[in-house]
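# Descriptive structure summary
The primary structure of each chain is shown beneath.
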Amino acid sequence: PGLRGEIMGGKNYGTLTVYSATWCPDCRIAKRFLDEHGVAYDTVEIDRDEDAARLLEERTGKRGIPYFVLDGERWVRAYVPRQGFDREGMAELLGL
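Below or above, wherever it landed, is the structure these notes cover. (Residues numbered from 1 in each chain as written. Predicted model: local features only at pLDDT ≥ 70, side-chain atom pairs only at ≥ 80, totals over all residues. Heavy atoms only, no water.)

### Brief notes about the overall build of the chain
If you tally the helices and strands in the chain, you get four helices and six strands. Scanning the chain from its N terminus toward the C terminus, one meets helices and strands in the order α-β-α-β-α-β-β-β-β-α. Per-residue burial over the chain gives 43% buried out of 96 residues. The contacts in the chain between residues at least 6 apart in sequence include a share of 52% that link residues at least 24 apart. When the accessible surface of the chain is split by element, carbon and sulfur atoms take 44% of a total near 5600 Å². (Helix = DSSP H or I, 4+ residues; strand = E, 2+ residues; numbered from the N terminus. Buried < 20%, exposed > 50% of the residue type's maximum accessible area, 1.4 Å probe, protein only. Contact = heavy atoms within 4.5 Å. Areas by Shrake-Rupley, 256 points an atom, 1.4 Å probe, with all protein chains shown as cover.)

Right under this line is the structure:
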């Protein structure tokens, strides 16, 4: 909330976490997209953190990545199966 929320497209959330993997090309595209738009985020690499991989599966029912997590609570699939990173959907989600 507050200034950071205004910077992040005026949405009412404060943090964004990207669940990703070092080998994932769609994840690299997602992070580049966020960087290009000046969106602050944290990254969790599921190929380096088995607990995070398990949490992703528990919360979403799969290990598909990238996933965006807003405020540690709202899990949003950041890709379209067999099509890749969901640039339009994530731009809308983040108010970009």
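### Thoughts on the sheet that holds strand β1 (residues 16-20)
The sheet built from four strands is open, its strands ordered β2-β1-β3-β4 with mixed pairing. Looking at the sheet topology across the chains shown, the edges are occupied by β2 (42-45) and β4 (74-77). Within the sheet, the average angular offset between the axes of one strand and its neighbour, ignoring direction, is 25°. Against the sheet, helix α2 (residues 25-36) contacts β1, β2 and β3 (67-70), and its axis sits at roughly 160° relative to β1. Packed on one face of the sheet, helix α4 (residues 87-94) meets β1, β3 and β4 and runs near 5° to β3. (Pairing = 2+ DSSP bridges. Axes fitted to C-alpha atoms, helices over the stretch in contact; angles between N-to-C directions.)

### Examining α4
Every buried residue of α4 is accounted for by Met90, Ala91, Leu93 and Leu94. Down the axis of α4, the buried set is contained in an arc of 160°. They therefore lie on one face. Across α4 from its buried face, at more than 90 degrees, point the exposed residues Glu88 and Glu92. Buried residues in α4 make contact with β1, α2, β3, β4 and β6 (84-85). With its phi angle positive at about 70°, Gly95 sits one or two positions after the end of α4. (Arc of directions from axis to C-beta.)

### Thoughts on the environment of Trp75
Within the fold, Trp75 resides in strand β4. Apart from residues no more than four positions distant in its own chain, Trp75 is found in contact with Tyr19, Leu55, Leu56, Arg59, Thr60, Tyr67, Phe68 and Val69.

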